[in-house]
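Residue-level structural notes
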Amino acid sequence: MARSRSRREPQQTRRRPQPASGSRGRPGGSARSGGSGRSGGSGRSGGRGGGAPRRQSDLAARILYAVPLIGLAIFLVIKGGTIFAVGVLVLGLLCMHELYGMLASFRPIKLAGFLSLVGLVVAARFGTPFQMILATTASLALIVLLILASPVREGATVAVAATLLGVIWIGLPIGHAVLLRDLPHGDGIVVDVLVGTFIGDTAAYLGGRAFGTRRLAPTISPNKTVEGWVIGMVAAIAAVWFAGLYQDWLSGADALFIGLGVAVFAPLGDLFASLVKRDVGVKDTGTVFGPHGGALDRLDAVLFTLPVGYYIWSALL
């Protein structure tokens, strides 16, 4: 009997440290909860009880922010002219402010970037593409003059590069948006490009979550997948084609051509923004659009697709 008791006691001792069933999902608890890959609370209750309402509230907040933004975009496109130019100029200034904030360690010449953006928009509104080229060239001279006037010239090379990144990445596309709007049927093409860009982006996100298995660019944007990219491209082309059905002046072939340009360049704009953000170590460029992030977060793909839309539509006219 003594030997039998000595064997049972260690078994009782081993059973005591086992946690109750309700504590299995706590961080740092059992190996089962640690390997589940879920963040936060318990494995099951966190996925069903806490995660779903949080995702629903986030989606509702995104929709609430998106509705007035869509209304503003429609208003600007319909008005056109100087009102449209001023509206996209404000958006461009917001994007440039966010970019220069991310690149603050490189000390970009913000004033030169902002003035260059204004010059590009004015040239596009009241001039021609040739005047836009002149404004872009003048921006470099303006940057150099302001650097020479500054008492601190250390790191001037990277400062010039950081400033010019804003001029080329943001200033030129904003100028092209004005040029596109001023073309015949430019209002409709701007709408087509925006519809294709945002529907393609949404379809890529949803398609990647549902079917994504292969990473598209793991070192730049780990959440993007090849499957999502393909679905997004198809959706962008289809969106522009369907939008063209309500525009009797736009043929189906031309709509497909524009949609293809949007489908190819929108992901590039998104990936380029992800590359810059990852390089400087930030998740969002800002908070001006609430749950949507910053202005540059929302317009990164548009900054690539609007110039493409301009050149394709110019060639088709």
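To keep things clear, this report deals only with the structure shown in the data block. Just so we're clear, the structure is a prediction, and the values are computed from it rather than from any experiment.

How two helices sit against one another is set out by the angle between their axes and by the gap between those axes. It is the contact of helix H5 (residues 110-126) with helix H6 (residues 129-149), at a shortest axis distance of 9 Å, that shows an interaxial angle of 165°. One finds that H5 runs roughly antiparallel with respect to H6. Like other packed secondary-structure pairs, H5 and H6 cross with a definite hand, here right-handed. Along the contact surface, H5 presents Leu111, Ala112, Leu115, Ser116, Gly119, Leu120, Ala123 and Ala124, while H6 presents Gln131, Met132, Ala135, Thr136, Ser139, Leu142, Ile143 and Leu146. In terms of residue class, the contact of H5 with H6 is made up of 11 nonpolar, five polar and no charged.

Per the stated rule, a full pass over the model turns up six aromatic pairs. Arranged with centres 4.8 Å apart and planes meeting at 85°, the rings of Trp169 and Phe272 form a pair that is edge-to-face. Of the two residues, Trp169 sits in helix H7 (residues 156-181) while Phe272 sits in helix H10 (residues 252-280), which places them 103 residues apart along the sequence. Take Phe272: its relative accessible area is 27%, and that puts it in the partly exposed class. For the ring pair Phe272 and Phe304, a centre distance of 6.2 Å and an interplane angle of 40° mean the geometry is tilted. Highlighted residues: Phe272 in helix H10 and Phe304 in helix H12 (residues 302-316), separated in sequence by 32 residues. According to the relative accessible area criterion, Phe304 is partly exposed, its value standing at 23%. Put simply, the rings of Trp169, Phe272 and Phe304 pair up and form one aromatic cluster. A cation sits over an aromatic face here: Arg125 above Phe126, 5.4 Å from the ring centre.

Side chains of nonpolar character tend, in soluble globular proteins, to be buried together. Core analysis: the largest hydrophobic core is formed by 54 residues, its most contacted members being Leu99, Trp169, Ile170, Leu180, Ile258 and Leu296. If sequence neighbours within four positions are ignored, Leu99 has contacts with Leu165, Gly166, Trp169, Ile170, Val276 and Leu296. Judged by nonpolar contacts, the second largest core, of five residues, contains Ile109, Ala112, Ile143 and Val160.

Two numbers describe how helix H8 (residues 186-211) lies on H10: the axes approach to 9 Å, and their chain directions differ by 55°. Considered as vectors, H8 and H10 are oriented oblique to each other. Read as a crossing pair, H8 and H10 show a hand that is right-handed. Judged by residue contacts, Ile189, Val193, Gly196, Thr197 and Asp201 of H8 engage Ile258, Val262, Ala266 and Asp270 from H10. Of the residues assigned to the contact of H8 with H10, the class counts are five nonpolar, two polar and two charged.

Relative to the 24 Å expected for 17 residues at 1.5 Å per residue, H5 spans 24 Å between its end C-alpha atoms, a close match to the ideal helical length. Looking only at H5, the buried set comprises Ala112, Gly113, Ser116, Leu117, Leu120, Val121, Ala123 and Ala124. Buried residues of H5, seen end-on, are gathered within an arc of 165° and therefore sit on one face of the element. Buried residues along H5 sit against helix H4 (81-102), H6 and H7.

Positive phi values are uncommon outside glycine, yet Arg107 reaches one of about 55°. For His185, which is not glycine, the phi torsion reads 60° and is therefore positive. Here His185 lies in the loop between H7 and H8.

The rules behind these values
Residues numbered from 1 in each chain as written. Predicted model: local features only at pLDDT ≥ 70, side-chain atom pairs only at ≥ 80, totals over all residues. Heavy atoms only, no water. Axes fitted to C-alpha atoms, helices over the stretch in contact; angles between N-to-C directions. Helix = DSSP H or I, 4+ residues; strand = E, 2+ residues; numbered from the N terminus. Parallel < 35°, antiparallel > 145°, perpendicular 65-115°, else oblique. Left-handed = near helix turned anticlockwise from the far one by under 90°. Contact = heavy atoms within 4.5 Å. Nonpolar A, V, L, I, M, F, W, Y, C, P; charged D, E, K, R; others polar. Phe/Tyr/Trp six-rings, centres within 6.5 Å; stacked < 30°, edge-to-face > 60°. Buried < 20%, exposed > 50% of the residue type's maximum accessible area, 1.4 Å probe, protein only. Lys NZ or Arg CZ within 6 Å of the ring centre and 35° of its normal. Core = buried A, V, L, I, M, F, W, Y, C linked by side-chain atoms within 4.5 Å. Expected span 1.5 Å × (residues − 1). Arc of directions from axis to C-beta.

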